[in-house]
Amino acid sequence: MPSANDLAWLAGFIDGEGSICLLPRRTTGITPACTIYNTDLSVLEIIRGWFGGQLYVKRRSPKRKPVGHLVFQNDRALRVLHSVRPYLRVKHRQADLALVFEHAPRYQGFRRRVEGHYLTSIPNDVIEFRKLLVDEVRALNKRGPKENASSQQSSESLLCGV
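Reference entry: report on the structure contained in this document. For clarity, every value in this text was computed on a predicted model and none was experimentally measured. Within each chain, residue numbers correspond to sequence positions counted from 1 in written order. For this predicted model, a pLDDT threshold of at least 70 governs which residues receive local features, and a threshold of 80 or more governs which side-chain atom pairs are given and counted, while totals over whole chains, interfaces and linings are taken from all residues. Each side-chain value is derived from all of the structure's non-hydrogen atoms; neither hydrogens nor water enter the calculation.

Pairing of aromatic rings covers Phe, Tyr and Trp, the last through its six-membered ring, and needs centres within 6.5 Å; plane angles under 30 degrees mean stacked, over 60 mean edge-to-face, and all others mean tilted. For the coordinates displayed, the defined rule picks out 3 aromatic pairs. An aromatic cluster is present here, built from Trp 9, Phe 13 and Trp 50 joined pairwise through their rings.

Following this line, the structure appears as structure tokens:
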């Protein structure tokens, strides 16, 4: 298990070279995810040794180093976020919203197959709450000038509601 210094270092990587998001999925609703990008694959291997995850390597061009991205999803992403949350400075609100998802009702739902597709019955209020979480994380991750006051109030209201 990584030390407190290692977790603070990892939080810096996530703040600077990573992303925290909630990915919509057809069958399960939402998947929390955390991804770290870097061209130093040995660093990503160290982190992967601590938490697991999927490491993908993309070669951009012969003149550039390959870039790796280490992906954590579902419970593994939540475990990483729990571990680094005290040390996050930039993406702490995204982490908080992803961790709210952990306490939201999880429904695999009743799954039945109709014409080659699975239909899942998740209550509408749960679907709406999940959509709010996804929209809020997307707003926080949006590039360009931030609207800090409204975004912060919105994420705080979601955090207080759970």
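Turning next to helix α5 (residues 124-141). A rise of 1.5 Å per residue sets the reference length of α5, with its 18 residues, at 26 Å; its end C-alpha atoms lie 26 Å apart and thus fit the reference within 8%. We call a residue buried when its accessible area falls under 20% of the maximum for its residue type, exposed when it is over 50%, and partly exposed in between, using a 1.4 Å probe and counting protein chains only. Secondary structure elements are defined from DSSP: runs of H or I of at least 4 residues count as helices, runs of E of at least 2 residues count as strands, and each element is numbered from the N terminus. Turning to α5, its buried residues are Val 126, Arg 130, Leu 133, Val 134, Glu 136, Val 137 and Leu 140. Down the axis of α5, the buried set is contained in an arc of 160°. They therefore lie on one face. Residues of α5 that are exposed and angled more than 90 degrees away from the buried face: Asn 124 and Asp 125. Working rule for helices: expected span equals 1.5 Å times residues minus one. Arc, as used here, means the arc of the directions from the helix axis to the C-beta atoms.

Moving on: unusual backbone geometry. Positive phi, normally seen in glycine, also occurs at Asn 74, with a value near 60°. Summarising the element assignment, Asn 74 is placed in helix α3 (residues 74-84).

This part is about the sheet that holds strand β3 (residues 54-58). In this description, strands pair whenever DSSP reports at least two bridges between them. Strand order in the open sheet formed by 4 strands is β1-β2-β4-β3, with antiparallel pairing between adjacent strands. Of all strands in the sheet, those bounded by a partner on one side alone are β1 (18-25) and β3. Ignoring strand direction, the axes of neighbouring strands in this sheet form an average angle of 25°. Contacts were defined at the residue level, with two residues in contact if any of their heavy atoms lie within 4.5 Å. Angular values range over 0 to 180 degrees, each being the angle between N-to-C directions of two axes fitted as lines to C-alpha atoms, with helices fitted over their stretch in contact. Each of β1 and β2 (29-38) is contacted by helix α4 (residues 92-103), which is oriented at about 35° to β1, the strand it contacts most.

Let's shift gears to the packing of α4 against α5. At their nearest, the axes of α4 and α5 sit 10 Å apart, and the two run at 165° to each other. Relative to α5, α4 is oriented roughly antiparallel. Classified by chirality, the crossing of α5 by α4 is left-handed. Mapping the contact onto sequence places Arg 93, Gln 94, Leu 97, Val 100 and Phe 101 in α4 and Phe 129, Arg 130, Leu 133, Glu 136, Val 137, Leu 140 and Asn 141 in α5. Looking at the contact of α4 with α5 residue by residue, the class counts come to 7 nonpolar, 2 polar and 3 charged. Orientation categories follow fixed angle ranges, with anything under 35 degrees roughly parallel, anything over 145 roughly antiparallel, 65 to 115 roughly perpendicular, and all other angles oblique. In a left-handed crossing the near helix is turned counterclockwise from the far helix by less than a right angle, and in a right-handed crossing that turn is clockwise. Three classes are used: nonpolar for Ala, Val, Leu, Ile, Met, Phe, Trp, Tyr, Cys and Pro, charged for Asp, Glu, Lys and Arg, and polar for all others, with Gly counted as polar.

With that settled, consider the nonpolar core. Of all hydrophobic cores here, the largest spans 35 residues; its most connected members are Ile 14, Ile 20, Leu 22, Cys 34, Ile 36 and Phe 72. Broken down by secondary-structure element, the contributors of at least two residues to this core are α1 (4-17), β1, β2, α2 (41-51), β4 (67-73), α3, α4 and α5. Aside from chain neighbours lying at most four places away, what touches Ile 14 is Ser 19, Ile 20, Cys 34, Ile 36, Val 80, Val 84, Leu 88 and Lys 91. Residues belong to a common nonpolar core when they are buried Ala, Val, Leu, Ile, Met, Phe, Trp, Tyr or Cys residues joined through side-chain atoms within 4.5 Å.

Position of Asp 15 relative to the elements: it lies in helix α1. Of the side chains with opposite charge, Lys 91 lies nearest to the buried Asp 15, which makes no salt bridge, at 5.5 Å. Residues adjacent in sequence count toward polar contacts only when both atoms are side-chain atoms; beyond that, a polar contact is any pair of N or O atoms within 3.5 Å, and within protein one must be able to donate a hydrogen and the other to accept it. Among the polar contacts listed, one links the side chain of Asp 15 to the backbone nitrogen of Lys 91, at a separation of 2.9 Å. Only four residue types enter the tally: Lys and Arg on the positive side, Asp and Glu on the negative side; His and the chain ends are excluded. Here, a salt bridge means any side-chain nitrogen of Lys or Arg that lies within 4 Å of a carboxyl oxygen of Asp or Glu.

So, on to the pattern of salt bridges. Using the criterion set out here, one finds 2 salt bridges in the structure. Notably, a salt bridge pairs Glu 45 with Arg 48, separated by 3.6 Å at the nearest N-O pair. Placement of both Glu 45 and Arg 48 in helix α2 is noted, with a separation of 3 residues, approximately one turn of the helix. On the basis of relative accessible area, Glu 45 is assigned to the partly exposed category, the value being 41%. By relative accessible area, Arg 48 is classed as partly exposed at 34%. With a closest N to O distance of 2.6 Å, Arg 85 and Asp 96 form a salt bridge. Residue Arg 85 is located in the loop between α3 and α4, and its partner Asp 96 is located in helix α4; the two are separated by 11 residues in the primary sequence.

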